[in-house]
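As a plain string of letters, each chain reads:
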Amino acid sequence: MKPIFKIMIVDDEMLVRQGIKHLLDWEQEGYRIAGEASNGLEALSMMDEVNPHIIITDIVMPIMGGEKLVKIVKEKYPHVVVIVLSSFSEYDYVRSTFQNGVADYILKPKLEADYLLSILNKTTAKMSGMKLADPAIDPEEKKVLLAIEKLMTGYESLLEPTLLHSWFPHKQFAFFGADMKHIKDSGNKLMFANEIESGIRKFVLDSAVFIRLRFVNESVIYLFNVDPEQWDELAIELRYLISEIAQRVQETHFIISQSFTDFVSLGAIYRDNYLKLNRYSFYLPERNLIENDHLPSLPGAYQEIDMGELMDQLRRKQFQKAFTEFLEYVHQRSMDYRMDIFEFKSLLGNFIFNVATTLGKMKFEIGSLEETKYDYFRKIDEALYASDAIAVTEAFIHEVERTIGETNPAVNPNMTKLLEYIQNHFADPITLTGVARQFHFNASYLSSYFTAHNGEGFSEYLNKVRVEKAMELLEITEKSIADISASVGYSDQSYFTKVFKKQTGISPSRYRRRDVEQS
């Protein structure tokens, strides 16, 4: 039996509302006009009573217009689909409503029976796939959601075969969701979840069935049901949707779980696969999609670090060796996204505790370190990514180096050697990674180490050395600017010119002319 979709009409002109009501034989087409309102505020007051599946609303109305109505409806009633009526002059308003999840819009001059029906049928075809029955009055949906929730939390649950098949007619299932822990405001989380749902309606296969589950662990999660032969196509459409959203929303991770065919195994897949993939984002911050079938390769075998040996190195005052070895190790560990997050954070916390304790026994003045180490513990515990936690540890190491006097190049042979190396090799195509390898540093650590000890970054210092040498060559030689660019380490003359001008305020050619004019 074809479902009946309830429609609410919202327009301040009674003649327009009457015209829509008499435009079609609604019941015959599978629809019912369940309510009408003259403005957005009146429509909102009727929502719980009418429980519409679809709202057809005007844009410009007194008291509350359609733009604000759409925003509130999509926040409070995300399952309700909104279609906007507009004139050509109101298109800017229509465009803003699309950002809040409007399904479609109809220009008033095109408000004819066939056209309206085609829009409604296209919309409800997707709604049928989503099982968008009103949860307040649909006991079957309550049963389905309750069964899913029980399975997800580890309890046994069964659905009657006929009910299960009516909701999930296909053989293949998978979880799809988004991590929202970076979004602090609950209202923004709801808007983001609604944006995902709007995107699913727009991009995903009409034949796919999906149902939105409750927010779990700061995630919005869907259960998808699809024909196995269409699984690859569905995955492609979900990836496209993610790429669209990721352009606007930063630091959000989407998850596509392992697919499965047995509804009863839903809970095990959620706990042992979906949640595990979600945790991987701690180590994979650059990935906006973490997909069971497309995980990055794992690092090779690595040797476990001996914390006792590290502390012995500190006691022998081999500070840089100890710090470099530890950071190299934790960077390697952070590439293994399977590592337990608590274990990783504990490793960093233990290092900080042991270093502070060892330095105290060595009679260093560590009063400030004793006070700040708890702040480092807290920041590591709150870190959303492994790279953030490592950065906290690096900051601690820099504070240690200041405490023991390692920041002065005069007493820091490593820094002196680094500066000498750059002075001697500035004309070569040297990079931070290459220099790190030369001095047995971790590249990430060298970057922060160099800045902390030299007051400027590696690239800034290298550019300064190169520009100073270029200025000298411009003054004392007749070499062309292209030759000078190449001789100080820049293969691209235009980039050299850009760097030179940033450092000196004028171009190389202008600098040469100025030197000639002054002489």
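1. Concerning the nonpolar core
Now for step 1: Ranked by internal contacts, the top residues of the largest apolar core, which has 64 residues, are Ile148, Phe168, Phe175, Leu223 and Phe351.
Now for step 2: A total of eight residues in this core trace back to one element, the largest contributor, which is helix H16 (residues 386-404).
Now for step 3: Residues within four places of Ile148 in sequence aside, it is in contact with Phe168, Ile211, Leu213, Leu223, Phe263 and Leu266.

2. A short note on the environment of Glu244
Now for step 1: Examined against the element boundaries, Glu244 turns out to sit in helix H10 (residues 231-246).
Now for step 2: Separated by 45 residues in sequence, Glu244 and Gly199 place their C-alpha atoms 8.8 Å apart.

3. Structural notes on the pattern of salt bridges
Pairs can form between side chains of opposite charge once their charged atoms are near each other.
Now for step 1: Taken as a whole, this structure holds 17 salt bridges when the rule is applied.
Now for step 2: Close ionic contact of Arg17 with Glu36 constitutes a salt bridge, the shortest N to O distance being 2.7 Å. Within this pair, whereas Arg17 is found in helix H1 (residues 14-21), its partner Glu36 is found in strand S2 (residues 31-37), the two being separated by 19 residues in sequence.
Now for step 3: Since its relative accessible area comes to 24%, Glu36 is described here as partly exposed.
Now for step 4: Put simply, Lys373 and Glu370 hold a salt bridge, and the shortest N to O gap is 3.1 Å. Taken together, the residues Lys373 and Glu370, both in helix H15 (residues 367-382) and three residues apart, mark about one turn of the helix.
Now for step 5: We classify Glu370 as partly exposed; its relative accessible area is 30%.
Now for step 6: Put simply, Asp375, Arg378, Lys379 and Glu382 are held in one network by salt bridges that share partners.

4. Overview of the side chain of Ser281
Now for step 1: Along the chain, Ser281 falls in the loop between helix H11 (266-280) and strand S10 (289-291).
Now for step 2: Ser281 has contacts with Asp179, Lys181, His253, Ile290 and Tyr385, leaving out every residue within four places of it along the chain.

5. A few points about the packing of aromatic side chains
Each aromatic ring pair is characterised by the separation of its centres together with the angle its planes make.
Now for step 1: In total, this model carries 28 aromatic pairs according to the counting rule given.
Now for step 2: Note on Phe319 and Phe364: the rings are 6.1 Å apart at their centroids and 75 degrees apart in plane angle, and the pair reads as edge-to-face. In this pair, Phe319 is assigned in helix H13 (residues 319-334) and Phe364 in the loop between helix H14 (341-361) and H15, connecting sequence segments 45 residues apart.
Now for step 3: According to the relative accessible area criterion, Phe319 is buried, its value standing at 6%.

6. Describing the pairing of strand S6 (residues 172-179)
Now for step 1: In terms of burial, S6 is largely enclosed, as eight of its eight residues are buried.
Now for step 2: Of the two faces of S6, the one carrying Gln172, Ala174, Phe176 and Ala178 and the one carrying Phe173, Phe175, Gly177 and Asp179 are both buried.
Now for step 3: With eight bridges joining them, S6 and strand S8 (residues 219-226) adopt antiparallel strand pairing. The partner of Ala174 across the bridge, within S8, is Phe224.
Now for step 4: In this structure, S6 lies alongside strand S9 (residues 253-256), joined through four bridges in antiparallel fashion. The residue of S9 that forms the bridge with Gly177 is Ile255.

7. Overview of the pairing of strand S3 (residues 54-58)
Now for step 1: Counting buried residues in S3 gives five out of five residues, a clear majority hidden from the surface.
Now for step 2: Of the two faces of S3, both are covered, the one formed by Ile54, Ile56 and Asp58 as well as the one formed by Ile55 and Thr57.
Now for step 3: As defined by bridge partners, strand S1 (residues 5-10) adjoins S3 across four bridges and the pair is classed as parallel. If you follow Ile9 over to S3, its bridge partner there is Ile56.
Now for step 4: Pairing of S3 with strand S4 (residues 81-86) involves five bridges; the strand directions are parallel. Residue pairing for S4: Ile54 is matched across the bridge by Val81.
Now for step 5: For the crossover that starts at S3, traverses helix H4 (residues 66-76) and ends in the parallel S4, the hand is right-handed.

8. Digging into the sheet that holds S8
Adjacent strands of a sheet form backbone hydrogen bonds with each other and so pair up, either parallel or antiparallel.
Now for step 1: Overall, mixed pairing links the five strands, which are arranged S7-S8-S6-S9-S10 in an open sheet. With partners counted over all chains shown, the strands left at the sheet margins are strand S7 (209-212) and S10, one partner each. Between one strand and the next, the sheet's axes are offset by a mean angle of 20 degrees, whatever the strand orientation.
Now for step 2: As defined by bridge partners, S9 adjoins S10 across three bridges and the pair is classed as parallel. Residue pairing in the sheet places Ile256 in a bridge with Glu291 of S10.
Now for step 3: Of the strands in this sheet, S6, S8, S9 and S10 are in contact with H11, which crosses S6 at around 35 degrees.

9. Observations regarding unusual backbone geometry
Now for step 1: One non-glycine residue with positive phi stands out, namely Asn51, at about 50 degrees.
Now for step 2: A relative accessible area of 18% places Asn51 in the buried class.
Now for step 3: Phi at Lys363 takes a positive value of approximately 70 degrees, unusual for a residue other than glycine.
Now for step 4: Along the polypeptide, Lys363 turns up in the loop between H14 and H15.

10. Brief notes about H14
Now for step 1: Under the 1.5 Å per step criterion, the end-to-end length of H14 is 31 Å for 21 residues, consistent within 8% with the ideal 30 Å.
Now for step 2: Buried residues in H14 make contact with helix H12 (307-315), H13, H15 and H16.
Now for step 3: Where H14 begins, the side chain of Asp340 points an oxygen toward the backbone nitrogen of Phe342, at a separation of 3.1 Å.

Conventions used here
Residues numbered from 1 in each chain as written. Predicted model: local features only at pLDDT ≥ 70, side-chain atom pairs only at ≥ 80, totals over all residues. Heavy atoms only, no water. Core = buried A, V, L, I, M, F, W, Y, C linked by side-chain atoms within 4.5 Å. Buried < 20%, exposed > 50% of the residue type's maximum accessible area, 1.4 Å probe, protein only. Helix = DSSP H or I, 4+ residues; strand = E, 2+ residues; numbered from the N terminus. Contact = heavy atoms within 4.5 Å. Salt bridge = Lys/Arg side-chain N within 4 Å of Asp/Glu carboxyl O. Phe/Tyr/Trp six-rings, centres within 6.5 Å; stacked < 30°, edge-to-face > 60°. Pairing = 2+ DSSP bridges. Right-handed = clockwise from strand over helix to strand, strands pointing away. Axes fitted to C-alpha atoms, helices over the stretch in contact; angles between N-to-C directions. Expected span 1.5 Å × (residues − 1). Polar contact = N/O pair within 3.5 Å; in protein donor to acceptor, adjacent residues only side chain to side chain.

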